[in-house]
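Secondary and tertiary structure notes
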Amino acid sequence: MKKNIPARANTLPEHLPQYLLRLSAAALGAAVLLSGCGGSGNGLSAKDAAQIVYRNGDILTLDKDNTVVQAIGIKDGKIIASGSSATVDALVGPDTKVVDLKGKSLIPGFYDAHSHFVYTGTNARFETDLNSPPIGQVRSIDDMVALLQKKQAELGKDAWITGFGYDDTLLAERRHPTREDLDRVSTTQPVYVTHISGHMAVANSFALAKAGINASSTDPEGGMIGRDKQGQPDGFLAETAQGLVGNLKPGLTAAQVQEGIQAAAQIYASHGVTTANDGASSAGGIQAMEAAAQGGRLPLRVVAWPTALQGMEAAKKVELKSGMVKIGGIKDFYDGSIQGYTGYLSEPYHTPHDGDAHYRGYPRTSKANLIANVEAAHKAGYQLFIHTNGDQAISDVLEAYAKAQQASPRADARHTLIHAQMAREDQLDEMKKLGVIPSFFELHTYYWGDRHRDIFLGPDRGARISPAQSARQRGLPFTLHADTPVVPMDPLLMVWAAVNRVTTGGSVLGADQRISPTDALRALTINAAHQNFEEKERGSIEVGKHADLVVLSDNPTKVDPMKIRNIEVLQTIVGGKQVYAKPGQ
Ligand SMILES: [Zn+2]
Ligand SMILES: [Zn+2]
């Protein structure tokens, strides 16, 4: 339950001198007028006063009782008081900056449970966005080709022409492009486009030839080379086969990566994110973020998850001194994507794939490999974040987590299932038992819900993807994520999706899995901080925590639930410093 508490006896830090505590008690009964800096006339010296006070708003602390307060005080980047405006006014000194929220809402900064920070920025900056509405503008393969031709004209004849985010199920042709389609962009330079799921790609004839892919090529383990009726490669590359071409793509220059980081920081901060995730981080990416931070060009915090034990060992060699970049656990993958028919299901897909009524998708590696990798990483003391969409993938990874715990027991390991899209009730029970956290890609309900129901999973399985309410009822500290750049970073759209479960087609998908706005906000703040072992430092507005905050135009717990997505981020604050303000604010 949400509580409105006008004043709390314990809102002031215990180490404050007694006279201050008395002062605050006195101030409770007094009407104090404030404008701009200081003005309370309480004789506080700058040393004892708050540097910044936010007052006169709906401040959703998201502490364990979901307390709502009217004011907070900040000093040296940390929250030093929270309570009624009168209580916090006691900390206003001559130099205190007093911000009147004028009834707007202040909440903890959004803590990104999973995305790809660096990749989001470099993608936005250097690749062609091939998304279809409502994300982008591509409605047909002709549209896609036209955008790539434009990029080709821009980058010249030596460049790789790349695009991301195309979705075959949203194209007029209802199919993936082929190498012939992409040959219309160029036959003398590589053209390579990736599917919105990130689990498949298409290359033109030039790129296939460059990779040595021809009719006699065999599929790599955990991947598939698409072929036409004559057995010739048709350009389509699924899962590990993507690397055959993708790995030939020249890397970005250091300067380009820095440009990407700036672009990502702008995107995240403007959506209220104060801690970003860089999933599947490379050591180079971590080094680049640290360089940006040391140069004062990284305004928000980033938690990086290197891929596999090997990636972790390389990443740990990067010296991190800025305090803004931190290495969390290990990110890994087990299956693919349901909308790409590569999610690994326990029962066949609703609409058979290529006419195969038994087809259930597949894992990227054998179960034996999975178990060995999980056991090794767990034994080495790491936390694991494994990509799982299909329910068979979830079963296998849960089994691997259980085996790893049996072999080397470790309390509070917080191993996580990233996406956990088809988590069944019995699997949620198992997560509870094992202390495993589900992190849901909630926006699947909005962006793919109609197609999951009608094409991939059918009505029953479709209705209970991202089962947040079932997780909540078990007391699982679930989180929500957008997996950006898979879909755009937009925490308020995630809250809206979890609260309403409305699809792009306008129907409600699994009404019984809807959760309250407060629970959705918790999943995007304190639960996400907990997922990364940071719940003592951030994720809620409590005395002693970092002042990572967002000012919103409206209170998500009070507006019409369907209007939550229209709430604007007015200001983003990291460690007490404003890192974003909506233009005109
Ligand atoms: Zn994933
Ligand atoms: Zn991801």
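Nothing here was measured: the structure is a model prediction, and the numbers come from that model.

Counting its regular elements, the protein contains 20 helices and 26 strands. Taken over the C-alpha trace, the protein has a radius of gyration of 25 Å; the compact-globule value for 585 residues is 25 Å, and the two agree within 12%. With respect to the principal axes defined by its C-alpha atoms, the protein has extents near 85 × 50 × 50 Å. If you take every contact in the protein between residues at least 6 apart in sequence, the share linking residues at least 24 apart comes to 71%. By element, 51% of the accessible surface of the protein is carried by carbon and sulfur atoms, the whole surface being about 22700 Å².

Six octahedral donors around a metal ideally sit at 90 or 180 degrees from one another, while four tetrahedral donors ideally sit at 109.5 degrees. Every protein donor of the zinc ion (ligand 2) is listed here as His114 (NE2), His116 (NE2) and Asp483 (OD), and their distances to the metal cover 2.0 to 2.1 Å. Counting along the primary sequence, the residues that act as donors to the zinc ion (ligand 2) give the motif H-x1-H-x366-D. Metal-to-metal, the separation of the zinc ion (ligand 2) and the zinc ion (ligand 1) is 3.6 Å. Of the two residues, His114 sits in the loop between strand E9 (110–111) and helix H3 (117–126) while Asp483 sits in the loop between strand E23 (479–480) and helix H18 (491–500), which places them 369 residues apart along the sequence. Judged on exposure class, the residue His114 and its partner Asp483 are both buried.

With that out of the way, let us pick up the pattern of salt bridges. Here the idea is simple: oppositely charged side chains can pair when their charged atoms come close. Counted under the stated rule, the structure contains 32 salt bridges. Ionic pairing is found between Lys403 and Glu399, a salt bridge with its closest N-O pair at 2.8 Å. In this pair, Lys403 and Glu399 both sit in helix H12 (residues 391–407), four residues apart, roughly one turn of the helix. We note a salt bridge from Arg472 to Asp519, for which the minimum N-O separation is 3.7 Å. Here Asp519 lies in helix H19 (residues 517–523) and Arg472 lies in helix H17 (residues 468–473), a separation of 47 residues in the sequence.

Here we take up the environment of Tyr54. When you line up the elements, Tyr54 lands in strand E2 (residues 50–55). When its relative accessible area of 3% is taken as the criterion, Tyr54 is described as buried. Here the alpha-carbon distance between Tyr54 and Ser82, two residues 28 residues apart in the chain, equals 9.5 Å. The contact partners of Tyr54, leaving out residues within four places of it in the chain, are Ile59, Gln70, Ala71, Ile72, Ile74, Val99, Leu101, Leu106, Val551, Gln571 and Ile573.

So, on to helix H10 (residues 308–315). In an α-helix there are 3.6 residues to a turn, and that puts residues three or four apart on one side. All of the buried residues in H10 are Gly311, Met312 and Ala315. End-on, the buried residues of H10 take up no more than an arc of 100 degrees, which puts them together on one face. Looking at the buried side of H10, the elements it contacts are helix H9 (283–294), strand E17 (301–306), strand E18 (325–327) and strand E19 (330–333).

Read across the open sheet, the four strands follow the order E6-E5-E2-E7; overall the sheet is mixed. Either end of the sheet is taken by a strand with one partner, and the two such strands are strand E6 (78–83) and strand E7 (92–100). On average, each strand axis in the sheet is tilted by 25 degrees relative to the strand beside it, whichever way the strands run. Relative to strand E5 (residues 71–75), E2 runs antiparallel, the two sharing three bridges. By the bridge assignment for E5, Ile52 is matched with Ile74.

Each pair of packed helices can be summarised by the angle the axes make with each other and by the distance between the axes. Packing of H3 against helix H8 (residues 254–270) brings their axes to within 7 Å, and their N-to-C directions diverge by 105 degrees. As far as their axial angle goes, H8 and H3 are roughly perpendicular. Counting all contacts with H3, which are made through Phe117, Val118, Thr120, Gly121, Thr122, Ala124, Arg125 and Phe126, the residues of H8 involved are Gln256, Val257, Glu259, Gly260, Ile261, Ala263, Ala264, Ala265, Ile267 and Tyr268. In terms of residue class, the contact of H3 with H8 is made up of eleven nonpolar, five polar and two charged.

Our next topic: the side chain of Thr445. With respect to the helices, strands and loops of the structure, Thr445 is situated in helix H14 (residues 444–447). Polar contacts involving the side chain of Thr445 include one to the main-chain carbonyl oxygen of Glu442, which spans 2.8 Å. Excluding residues that lie within four positions of it along the chain, Thr445 makes contacts with Ile465, Ala497, Arg501, Val502, Thr503 and Leu509.

Next up on the list: H12. Spanning 17 residues, H12 covers 24 Å between terminal C-alpha atoms, matching the ideal 24 Å at 1.5 Å per step. Burial within H12 is extensive, with twelve of its 17 residues counted as buried. All of the buried residues along H12 are Asp391, Gln392, Ala393, Ile394, Asp396, Val397, Leu398, Ala400, Tyr401, Ala402, Ala404 and Gln405. Check the buried side of H12 and you find it contacts helix H11 (367–379), strand E20 (384–388), strand E21 (416–419) and helix H13 (425–434).

This chain's UniProt record puts "domain: Amidohydrolase" (unreviewed entry) on residues 97–580. A distance of 17 Å separates the end C-alpha atoms of residues 97–580, which is 34% helix and 19% strand.

Moving on: the nonpolar core. Core analysis: the biggest nonpolar cluster contains 88 residues, and Phe117, Ile261, Met289, Leu298, Leu417, Met431 and Leu443 have the highest contact counts within it. Sorting elements by how many residues they give to this core places H18 first, with eight residues. Dropping the residues within four chain positions of it, Met431 is found in contact with Ile394, Leu398, Leu417, Ala423, Val436, Pro438 and Leu476.

About the thresholds
The written sequence of each chain sets the order in which its residues are numbered from 1. The lettering of chains begins at A and the numbering of ligands begins at 1, in the order of writing. Side-chain atom pairs in this predicted model are given and counted only at pLDDT of 80 or more, local residue features only at pLDDT of at least 70, and totals for whole chains, interfaces and linings cover all residues. Side-chain metrics in this entry use all non-hydrogen atoms of the structure; hydrogen atoms and water are not considered. Each helix corresponds to a stretch of at least 4 residues labelled H or I by DSSP, and each strand to a stretch of at least 2 residues labelled E; elements are numbered beginning at the N terminus. For this measure, only C-alpha atoms enter the radius of gyration; the expected value for a globule follows 2.2 Å times N^0.38, where N is the number of residues. The criterion used for residue contact is that any of the two residues' heavy atoms lie within 4.5 Å. For the accessible areas, the method is Shrake-Rupley and the probe is 1.4 Å, while residue cover comes only from the protein chains on display. Donor selection uses N, O and S atoms within 2.8 Å of the metal (3.2 Å for Na, K and Ca). Since no water is included, sites may look incomplete. When accessible area is computed with a 1.4 Å probe and restricted to protein chains, residues below 20% of their type maximum are described as buried, those above 50% as exposed, and intermediate ones as partly exposed. Any carboxyl oxygen of Asp or Glu within 4 Å of a side-chain nitrogen of Lys or Arg constitutes a salt bridge here. Note that the arc is defined by the directions from the helix axis to the C-beta atoms. A pair of strands counts as paired when DSSP detects no fewer than two bridges linking them. Fitted lines through C-alpha atoms serve as axes, helices being fitted only where they are in contact, and the angles separating the N-to-C directions of these axes extend from 0 to 180 degrees. Angle categories are assigned with fixed cut-offs, so that under 35 degrees is roughly parallel, over 145 is roughly antiparallel, 65 to 115 is roughly perpendicular, and the rest are oblique. Gly counts as polar in this scheme, as do all residues outside two lists: the nonpolar Ala, Val, Leu, Ile, Met, Phe, Trp, Tyr, Cys and Pro, and the charged Asp, Glu, Lys and Arg. The term polar contact refers here to a pair of N or O atoms within 3.5 Å; inside protein, the definition further demands a hydrogen-donor-capable atom paired with an acceptor-capable atom, and it admits residues adjacent in sequence only when both atoms are side-chain atoms. Under the convention used throughout, the expected extent of a helix is 1.5 Å for every residue step, that is, one less than its residue count. UniProt positions are given in the numbering used here, feature names are shortened, and annotations may be inferred rather than shown by experiment. Residues belong to a common nonpolar core when they are buried Ala, Val, Leu, Ile, Met, Phe, Trp, Tyr or Cys residues joined through side-chain atoms within 4.5 Å.

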